[in-house]
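Coordinate analysis (summary)
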Amino acid sequence: MKKEALKNTQDMLAKHHRDGENFAQLMKDTYAGRFNDEFWAVWAEKIEPVLPENPTVLDIGTGPGMFLKALVERYPGVHAIGVECAEYMIDAVEHLPDNAEIITADLHDPHLPLEDGSVDAVVASVVIHEMNQPVRALQEVHRCLKTGGRFYILDWVRTPLSQYLEAEMGDLSVFDRARPVNVIDDMFIHFIEHNRYTAEDLEFMLQKTGFRVVEKTLLKDGRHARLIAEKS
């Protein structure tokens, strides 16, 4: 049953990402935009103070694992752990340092081989919007985190259709009668996927799974949200 569920998730992601190999490369090409100076400033202020000298950091939905390498560069004694299930993402991973690893698991119902309270910080960057339900993943993160550990989330959140189309296309040409139907279909499918939860939904789910929300900030004109949560 678990293998079937994992396959279902892999198929869902492959459909969402369309061309897996190209999408994995896109994640590499856009990595610096997600983990930029602003990210590391927030990390230094909100996450780093709770980390020991040699922390254990978990990156769920790690993709091609570039953040794991960045962690090792920043903290040479870190144990950097990624979680991923898309085969094309894992295939795109280049050589990882000895103190970094990737676990294959379905985030819809993960059972990670990690002890309770063994993780100091967790990152989920543009991951939760892709999930049918993130409850089990949030519960597993809570189990693995130490008391006082921090959870960084950055994700798409719900915005009006007009605002989404303007931001993604630069215009409303999707309503042009000459626009190919497959282009319209693709845009609306992604609108649904990227508008699954509001920032308040994310905050609510974090609170219901045992976290205290330390920060909730809207970004990119409200299309993205950053939340920092703590296991109390």
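The preceding data block contains the structure.
Procedures and definitions
- Residues numbered from 1 in each chain as written.
- Predicted model: local features only at pLDDT ≥ 70, side-chain atom pairs only at ≥ 80, totals over all residues.
- Heavy atoms only, no water.
- Helix = DSSP H or I, 4+ residues; strand = E, 2+ residues; numbered from the N terminus.
- Expected span 1.5 Å × (residues − 1).
- Buried < 20%, exposed > 50% of the residue type's maximum accessible area, 1.4 Å probe, protein only.
- Arc of directions from axis to C-beta.
- Core = buried A, V, L, I, M, F, W, Y, C linked by side-chain atoms within 4.5 Å.
- Contact = heavy atoms within 4.5 Å.

An ideal rise of 1.5 Å per residue puts 20 Å on 14 residues; helix α9 (residues 181-194) measures up with 20 Å between its terminal C-alpha atoms. Among the residues of α9, M187, H190, F191, E193 and H194 are the ones counted as buried. Buried residues of α9 fall within an arc of 165° about the axis and therefore sit on the same side. Every exposed residue of α9 that faces more than 90 degrees away from the buried side is listed here: V181, N182 and I192.

As a further point, take unusual backbone geometry. For V126, which is not a glycine, the phi torsion comes out positive at approximately 45°. Structurally, the position occupied by V126 is in the loop between β4 (119-125) and α7 (135-144). Since its relative accessible area comes to 19%, V126 is described here as buried. Although it is not a glycine, K220 sits at a positive phi angle of roughly 50°. Position of K220 relative to the elements: it lies in the loop between β6 (211-219) and β7 (224-231).

Looking now at the nonpolar core. Counting residues in hydrophobic clusters, the biggest one holds 33 residues, and the most contacted among them are L58, I60, L112, V122, F151 and L206. Contributing elements (two or more residues each) for this core: β1 (56-60), β2 (79-84), β4, α7, β5 (145-156), α10 (199-208), β6 and β7. Once residues within four sequence positions are removed from consideration, L112 is found in contact with L58, V83, I103, A105, E140, R143 and C144. Residues F35, A70, A121 and Y152 belong to the second largest nonpolar core, which totals 25 residues.

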